[in-house]
Amino acid sequence: MDDSTVSMSLTLDGVTVLSPAALQALYRINGRSTVEMRLAAASGEPLYTCELFGADHIHVAPRLEKTAAFLLDQGVPFRIHESADGERNEISLEVMQSILGEI
């Protein structure tokens, strides 16, 4: 990802293992492989990242929102980060929804 890319990501907060059922559900929601998500959770890396303003934004942004909704529904804590201009900042769910609603 270059410095001019704007993206948002979801990272689990204090959770390093997701159940196989949760991983399968997340796969159906966001399309990221269960192996990639399991490894991301274990290493504290983003579970899902979407690039904003790209050609596939119309497909990936809803997946980000649905991934967040699933994690909320399951009671799995997570953090949201926005990356822009080479900086990564934590944002709230409300800010994420506001940004995605404006695009």
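Predicted, not measured: the structure shown is a model, and the values here were computed from it. (Residues numbered from 1 in each chain as written. Predicted model: local features only at pLDDT ≥ 70, side-chain atom pairs only at ≥ 80, totals over all residues. Heavy atoms only, no water.)

All right, on to the nonpolar core then. Core analysis: the biggest nonpolar cluster contains 30 residues, and M8, L10, L12, L18, L64, L71 and M96 have the highest contact counts within it. At the level of elements, β1 (6-12), α1 (20-30), α2 (34-43), β2 (48-52), α3 (57-74), β3 (78-84) and α4 (93-102) are the ones that each hand at least two residues to this core. A total of 6 residues in this core trace back to one element, the largest contributor, which is α3. In contact with L12, not counting residues within four places along its chain, are L18, A41, L47, L71, V76, P77, F78 and R79. (Core = buried A, V, L, I, M, F, W, Y, C linked by side-chain atoms within 4.5 Å. Buried < 20%, exposed > 50% of the residue type's maximum accessible area, 1.4 Å probe, protein only. Helix = DSSP H or I, 4+ residues; strand = E, 2+ residues; numbered from the N terminus. Contact = heavy atoms within 4.5 Å.)

Our focus in this paragraph is the side chain of N30. Within the secondary structure layout, N30 lies in helix α1. Looking at N30, its side chain comes within polar contact range of the main-chain nitrogen of R32, at 2.8 Å. (Polar contact = N/O pair within 3.5 Å; in protein donor to acceptor, adjacent residues only side chain to side chain.)

To continue, consider the sheet that holds strand β4 (residues 87-91). Ordered by their spatial adjacency, 4 strands build an open sheet running β2-β1-β3-β4, and the pairing between neighbours is antiparallel. Of all the strands in the sheet, the pair left with one neighbour each is β2 and β4. Averaged over all pairs of adjacent strands, the angle between their axes in this sheet comes to 25°, without regard to strand direction. (Pairing = 2+ DSSP bridges. Axes fitted to C-alpha atoms, helices over the stretch in contact; angles between N-to-C directions.)

The subject of this paragraph is unusual backbone geometry. With a phi close to 55°, D85 is a non-glycine residue in the positive phi region. Along the chain, the position of D85 falls in the loop between β3 and β4.

Moving on, we get to the pattern of salt bridges. When the charged atoms of two side chains lie near each other, side chains of opposite charge can form a pair. Taken as a whole and assessed by the stated rule, the structure comprises 2 salt bridges. Among the ionic pairs, D13 bridges to R79, the shortest N-O distance being 3.9 Å. In this pair, D13 is assigned in the loop between β1 and α1 and R79 in strand β3, connecting sequence segments 66 residues apart. Overall, R79 belongs to the partly exposed group, its relative accessible area being 26%. Residues E36 and R32 are paired through a salt bridge, measuring 3.6 Å at the closest nitrogen-oxygen approach. (Salt bridge = Lys/Arg side-chain N within 4 Å of Asp/Glu carboxyl O.)

Distances and angles like these do not, on their own, reveal function.
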